[in-house]
Amino acid sequence: MSVKELVAAEKHGHLRRVVRRPEVRHLTGLSNSALDRLIRANQFPKPFKLIPDEKSRAVGWSLHAVLDWIESREQEAA
């Protein structure tokens, strides 16, 4: 499925997924350090905790937020 197809499915409510860092890296092509740098600079969506436990470090992103970011980058490049 292409990024545009994923965006369309997500926007129509057909897809509500949480993605973890490896998938975010795969979708965006960014390295861990680039992701961290963009998050700190508020230029990429911040992850959220998957488990509300203080000791848990499991975080994820809304697929919708990641796909919107990719789409915005594509529009800026056009």
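Residues numbered from 1 in each chain as written. Predicted model: local features only at pLDDT ≥ 70, side-chain atom pairs only at ≥ 80, totals over all residues. Heavy atoms only, no water.

## Here's the deal with the overall build of the protein
Inference 1: Helix and strand counts for the protein come out as four helices and three strands.
Inference 2: In the protein, the order of α-helices and β-strands from amino to carboxyl end is α-β-α-α-β-β-α.
Inference 3: Looking at the protein residue by residue over its 78 residues, the buried ones come to 29%.
Inference 4: Considering only intrachain contacts with a sequence separation of at least 6, the fraction spanning at least 24 residues in the protein is 52%.
Inference 5: Total accessible area on the protein stands at roughly 5,500 Å², and carbon and sulfur atoms take up 51% of it. (Helix = DSSP H or I, 4+ residues; strand = E, 2+ residues; numbered from the N terminus. Buried < 20%, exposed > 50% of the residue type's maximum accessible area, 1.4 Å probe, protein only. Contact = heavy atoms within 4.5 Å. Areas by Shrake-Rupley, 256 points an atom, 1.4 Å probe, with all protein chains shown as cover.)

## Overview of unusual backbone geometry
Trans peptide bonds make up the majority, and among non-glycine residues the majority have a negative phi.
Inference 1: One non-glycine residue, Asn42, adopts positive backbone phi at about 55°.
Inference 2: The topology assignment puts Asn42 in the loop between α3 (32-40) and β2 (48-49).
Inference 3: Accessibility expressed as a relative area gives 58% for Asn42, which makes it exposed.

## So, the side chain of Thr28
Inference 1: Turning to its location among the elements, Thr28 is positioned in helix α2 (residues 21-28).
Inference 2: Residue Thr28 is classed as buried on the basis of its relative accessible area of 19%.
Inference 3: A polar side-chain atom of Thr28 sits 2.8 Å from the main-chain carbonyl oxygen of Val24.
Inference 4: Excluding anything up to four places from it in sequence, Thr28 contacts Phe44, Val66, Trp69 and Ile70. (Polar contact = N/O pair within 3.5 Å; in protein donor to acceptor, adjacent residues only side chain to side chain.)

## Structural notes on the nonpolar core
Inference 1: Ranked by internal contacts, the top residues of the largest apolar core, which has 15 residues, are Val19, Val24, Leu30, Phe44, Trp61, Val66 and Trp69.
Inference 2: Elements represented by at least two residues in this core include exactly α3 and α4 (63-77).
Inference 3: Among the elements that line this core, the one with the most residues is α4, at five residues. (Core = buried A, V, L, I, M, F, W, Y, C linked by side-chain atoms within 4.5 Å.)

## Things to note about the pattern of salt bridges
Inference 1: In the structure shown here, the tally under the stated rule is three salt bridges.
Inference 2: With a closest N to O distance of 2.8 Å, Glu23 and Arg17 form a salt bridge.
Inference 3: The shortest N-O distance in the salt bridge between Glu76 and Arg73 comes to 3.8 Å. With a gap of three residues between them, Glu76 and Arg73 both fall in helix α4, about one helical turn apart. (Salt bridge = Lys/Arg side-chain N within 4 Å of Asp/Glu carboxyl O.)

## Some thoughts on the sheet that holds strand β3 (residues 59-62)
Inference 1: Ordered in space as β1-β3-β2, the three strands form an open sheet in which the pairing is antiparallel. Lying at the two open borders of the sheet, with one neighbouring strand each, are β1 (18-19) and β2.
Inference 2: The pairing of β1 with β3 spans two bridges and is classified as antiparallel. Looking across to β3, one finds that Val19 is bridged to Trp61. (Pairing = 2+ DSSP bridges.)

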